[in-house]
Amino acid sequence: MLECFDLTGKEVLEEYRSKEILEYVENNRQFGNITVLMSGDTGYYSGTKKLLIAFENEDYDITVLPGI
C-alpha cells in the first residue's frame, strides 16, 4: 500500500491495532497532520470502524476518504 507514496524523510508506523495507532498519534502531536491508510471497505472489512471508535472521544478532526 505504501509503495504508491513518496515517503522519503517521513516517519512510518506499520500498525493495524487501533490502540497502538491512537497511542502513536497522541505521542506525536508535533507532526500536525497524520495520515492513516487502511485497506478494505471503510464500513465493513477494515479496521477503520474500530479506529474511529478509538478516536471518538479525542479532539481530532478526522476525515475518511474511501476508495483512494
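Structure shown above.
Residues numbered from 1 in each chain as written. Predicted model: local features only at pLDDT ≥ 70, side-chain atom pairs only at ≥ 80, totals over all residues. Heavy atoms only, no water.

**Comments concerning the pattern of salt bridges**
For the structure shown, the criterion picks out three salt bridges. Of the charged contacts in the structure, one is a salt bridge between Glu20 and Arg17, with a shortest N-O distance of 3.7 Å. Assessed through its relative accessible area of 28%, Glu20 is described here as partly exposed. Given a relative accessible area of 40%, Arg17 falls into the partly exposed group. (Salt bridge = Lys/Arg side-chain N within 4 Å of Asp/Glu carboxyl O. Buried < 20%, exposed > 50% of the residue type's maximum accessible area, 1.4 Å probe, protein only.)

**A word on the layout of surface pockets**
With a probe scaled to a water molecule rolled over the atoms, the places where space remains empty come into view. Estimates place the volume of the largest pocket at around 1,600 Å³. Where the lining of the largest pocket is concerned, the elements lending two or more residues are helix H1 (18–27) and helix H2 (48–55). At four residues, H2 tops the list of elements feeding residues into the lining of the largest pocket. For the lining of the largest pocket, the per-class residue count stands at 25 nonpolar, nine polar and six charged. (1 Å grid on protein atoms, 1.4 Å probe; cavity = no way out; pocket = protein on both sides within 12 Å on 5 of 7 lines; lining within 4 Å. Points joined across faces, edges and corners; volume = space filled by probe spheres on them. Helix = DSSP H or I, 4+ residues; strand = E, 2+ residues; numbered from the N terminus. Nonpolar A, V, L, I, M, F, W, Y, C, P; charged D, E, K, R; others polar.)

**Some remarks on the side chain of Ser18**
By the element assignment, Ser18 lies in helix H1. In terms of polar contacts, Ser18 uses its side chain to reach the backbone amide nitrogen of Leu51, at 3.2 Å. The contacts of Ser18, once residues within four sequence positions are left out, are Gly47, Lys50, Leu51 and Ala54. (Polar contact = N/O pair within 3.5 Å; in protein donor to acceptor, adjacent residues only side chain to side chain. Contact = heavy atoms within 4.5 Å.)

**As for the packing of H1 against H2**
In the contact formed by H1 and H2, the axes pass within 9 Å of each other and the chain directions differ by 50 degrees. For the element pair H1 / H2, the angle class is oblique. Regarding H1 and H2, the two cross each other, and that crossing is right-handed. Within the contact between the two elements, H1 uses Ser18, Ile21, Leu22 and Val25 and H2 uses Lys50, Leu51, Ala54 and Phe55. (Axes fitted to C-alpha atoms, helices over the stretch in contact; angles between N-to-C directions. Parallel < 35°, antiparallel > 145°, perpendicular 65-115°, else oblique. Left-handed = near helix turned anticlockwise from the far one by under 90°.)

**Here's the deal with the environment of Gly47**
Summarising the element assignment, Gly47 is placed in the loop between H1 and H2. Residues in contact with Gly47, not counting those within four places in the same chain, are Ser18 and Met38.

**Here we look at the side chain of Asn28**
Residue placement: Asn28 occurs in the loop between H1 and H2. By relative accessible area, which is 10% here, Asn28 ends up buried. If sequence neighbours within four positions are ignored, Asn28 has contacts with Glu11 and Ile34.

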